[in-house]
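Here is what each chain is made of, one letter per residue.
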Amino acid sequence: MKKNSSHTKDVTGFFFILTAVFGIAVRIFPLLRVDFPLVDGGMFYSMIKDLQAANFSLPVFTTYNNAQIPFAYPPLGFYLAGILNSLTNISILHILQWMPVTITILTIPLFYYFAKELLGSEPRAALATLIFALTPNSYWWTIVGGGLTRSLGTLFFTTTILCVHQMYQRRTKVWVVAAIISAAGSVLSHPAWALYSVIASILLWWFNGRDRQGILYSAVVGLSVLVLTSSWWFTVIQNHGVETLLNAGTMAKSRLLFWTVFFALSFTGEYAPVIAVLGMLGFFIHLSRKDYFLVAWVLLTLFVDPRGGLPAVIFPFSIMAMTALTDGISLQFSNSGADWMDALKNNSGRIFFGFFILLFVYNAYQISNTLSFQVLGAEERKAIEWAKTNTGVDEKFLILDEQGNPLLSPLTEWFPALAERRSVATIQGTEWLPEERHYNQIYTAITDIHQCLYQGVDCLSQFQGGLPDDYDYIVLSAKQQSGKNNLPLFISLSQNSEFTLVYTSPAIYIFKAP
């Protein structure tokens, strides 16, 4: 008995060490290679400064992109960053670079605690946590600049599901209070993670709390969260109406197509979908056992939010991938055939686990390495400074970046924040705008006009009508090849007398439009 207990502790400790070393490394590695927040965060940079300028009272609009975007985003992250900047003089840019990854790392031990309570097994929870820590979609979108709110939302989501689960299991008031604080933090941090908290909490109630006391606790938590967060949502409704909050929840992708995620095996964010395959194996193992909680968690989350729900389903999928390893594959290496941990007592089992863990690490490293190149470089910042210094405050820019996805282009998001000029093809913040200016209405037009980089001037005229505004300058972002720029649009603009090249660098070209 003592040997088994010792082996259990050894296995748990082994997975803990791997999680601490590799889970933290893949999160910090890309940040050590840059001197600026990764990918996005430009809009949040402006909103933090707007909040400070208003003496930490909620502004009606944000100055970002001069687009009259309602200041309706849950503001907790902005308050924390703004207060930290005011008290310490740490620059907002440094806060946006390092605060998200710090919060993201804190999510790892909280996930372990939740998994341990859910599974009733420390070694299984430790293995699930290792898988979670090395799944790219559990961290890559939260360590970037815009991860200021996403990381907070993820952190409070994790504490919410932990506290709600414990509330139904232990039935004590301490966990009720903890659930209230966690859920309120989720609502005040990120709109999508607040939604995922509601989904997971409903499922936890369905499977654990469908009795009189459980219903009472649920009602107390729900009402208390509404009261605690009312200073934010009531102000937004008062300033802009409830439709502004509803606009942010609309999406273009059909909910009926949520099942396509499973066939694409894209939900983990891996280049080689190893964890995704293990997760699907675990999905069917749980389904065959009629253990429906994790299965329902995945299906309901993706049905409600097929586009944005992928990071949330990493929580149940990490546990299900662990099940595939422990209750499926590893038993083939166990001498007893009954205890998955026995596989770690023989060489073949150790080689198996070692190979897959190294594969998880390699996959995560590949994503982190790619992410380290998705940053606003010094050359781009210099061009932005030129635009701020040499153009009028009311002049507008069309920015065309070789990164065709407007959600992943550091230049198109950071330009309005740093240049303090309007960028007509910047998508960030448009989810809060009404009707014809809403994200769903202009996303296709913005992605289409980016393809004009590979065509001539006539292409710009063709897609101009879909943009929300006209423009005075065109900014092209494209690296030179063999010492010259061969982009068709650059050549076409250079040969057109109506356009004047006013700024040039090895990768940035700014033309004055007629």
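Structure first, text after, so check above.
All values derive from a computational prediction rather than experimental measurement. (Residues numbered from 1 in each chain as written. Predicted model: local features only at pLDDT ≥ 70, side-chain atom pairs only at ≥ 80, totals over all residues. Heavy atoms only, no water.)

Draft legend 1. Summary view of the overall build of the protein. Secondary structure assignment for the protein yields 21 helices and seven strands. On C-alpha atoms alone, the protein measures out to a radius of gyration of 25 Å, which is about the 24 Å that the 2.2 N^0.38 rule sets for 514 residues. C-alpha extents for the protein along the principal axes are approximately 85 × 55 × 45 Å. For the protein, buried positions account for 53% of its 514 residues. Restricting the contact set of the protein to residue pairs at least 6 apart, pairs at least 24 apart contribute 75%. Surface accessibility of the protein: about 21800 Å² in total, with carbon and sulfur atoms responsible for 61%. In the protein, which carries 31 positive and 32 negative side-chain charges, the distance between the mean positions of the two groups comes to 13 Å. (Helix = DSSP H or I, 4+ residues; strand = E, 2+ residues; numbered from the N terminus. Rg over C-alpha atoms; globule rule 2.2 N^0.38 Å. Buried < 20%, exposed > 50% of the residue type's maximum accessible area, 1.4 Å probe, protein only. Contact = heavy atoms within 4.5 Å. Areas by Shrake-Rupley, 256 points an atom, 1.4 Å probe, with all protein chains shown as cover. Lys, Arg positive; Asp, Glu negative; His and termini not counted. Charge placed at Lys NZ, Arg CZ, Asp CG, Glu CD.)

Draft legend 2. Structural context of the pattern of salt bridges. Using the criterion set out here, one finds 10 salt bridges in the structure. Residue D40 is joined to R150 by a salt bridge in which the shortest nitrogen-to-oxygen separation is 2.5 Å. Residue D40 is found in the loop between α1 (2–32) and α2 (42–53), and its partner R150 is found in helix α6 (residues 147–170); the two are separated by 110 residues along the sequence. The exposure classification of D40 matches that of R150, with both residues buried. The partner of K116 in a salt bridge is E117, with the nearest N and O atoms 3.1 Å apart. K116 gets classed as partly exposed once you look at its relative accessible area, which sits at 22%. Put simply, K116, E117 and R170 are held in one network by salt bridges that share partners. (Salt bridge = Lys/Arg side-chain N within 4 Å of Asp/Glu carboxyl O.)

Draft legend 3. Fine view of the packing of helix α3 (residues 76–88) against helix α4 (residues 92–119). Axis separation between α3 and α4 bottoms out at 10 Å; the angle between their running directions is 130°. Compared by their axis directions, α3 and α4 come out oblique. Taken as a pair, α3 and α4 cross one another with a handedness that is right-handed. Taking contact as the criterion, the partners of L80, A81, L84 and N85 in α3 are, on α4, I92, I95 and M99. (Axes fitted to C-alpha atoms, helices over the stretch in contact; angles between N-to-C directions. Parallel < 35°, antiparallel > 145°, perpendicular 65-115°, else oblique. Left-handed = near helix turned anticlockwise from the far one by under 90°.)

Draft legend 4. Structural view of the packing of aromatic side chains. This model, assessed by the stated rule, comprises 43 aromatic pairs. Between the aromatic rings of F293 and W297, the centroid separation amounts to 5.5 Å while the plane-to-plane angle is 40°, which identifies the pairing as tilted. One end of the pair is F293 and the other is W297, both in helix α14 (residues 292–304) and four residues apart, which spans about a single turn. Of the two residues, F293 and W297, both sit in the buried class. Members of the aromatic cluster, connected to one another through ring pairs, are F111, F114, F132, F157, W193, Y196, F207, F293, W297 and F315. (Phe/Tyr/Trp six-rings, centres within 6.5 Å; stacked < 30°, edge-to-face > 60°.)

Draft legend 5. Layout of the packing of α3 against α6. Viewed as axis vectors pointing N to C, α3 and α6 meet at an angle of 115°, and their least axial separation amounts to 9 Å. When you trace α3 past α6, the crossing you get is right-handed. Contact residues: L76, G77, F78, L80 and A81 in α3; L148, T149, L152 and F156 in α6.

Draft legend 6. View of the nonpolar core. One finds F15 and W297 to be the most contacted residues of the largest nonpolar core, which totals 135 residues. Sorting elements by how many residues they give to this core places helix α15 (residues 310–329) first, with 12 residues. When neighbours within four sequence positions are excluded, W297 is seen to be in contact with F114, F157, I161, A200, L203, F315 and P316. Grouped together as the second largest cluster of nonpolar side chains are 27 residues, L400, I474, A478 and F511 included. (Core = buried A, V, L, I, M, F, W, Y, C linked by side-chain atoms within 4.5 Å.)

Draft legend 7. Structural view of a nonpolar patch on the surface. Taken together, the side chains of W206, F207, F284, L287 and Y292 make up a nonpolar region of the molecular surface, amounting to roughly 500 Å² of accessible area. Elements with a minimum of two residues in the nonpolar patch: α8 (191–208) and α13 (274–288). Its place among the elements puts L287 in helix α13. (Patch = residues over 30% accessible without salt bridge, like charges linked within 9 Å, V, L, I, M, F, W, Y side chains within 5 Å.)

Draft legend 8. Inspection of the sheet that holds strand β7 (residues 508–512) at higher detail. Pairing is mixed in the open sheet, where five strands are placed in the order β4-β3-β5-β7-β6. Strand pairing shows two members of the sheet lacking a second neighbour, β4 (422–423) and β6 (500–504), which therefore form its edges. In terms of strand pairing, β6 meets β7 through four bridges, oriented antiparallel. Residue pairing for β7: T504 is matched across the bridge by Y509. (Pairing = 2+ DSSP bridges.)

Draft legend 9. Summary view of the side chain of S186. Topologically, S186 is positioned in helix α7 (residues 173–187). The exposure class assigned to S186 is buried, which follows from its relative accessible area of 1%.

Draft legend 10. Main features of the environment of G328. Assignment of secondary structure puts G328 in helix α15. Put simply, G328 and S186 are 142 residues apart on the chain and 35 Å apart in space, counted from C-alpha to C-alpha.

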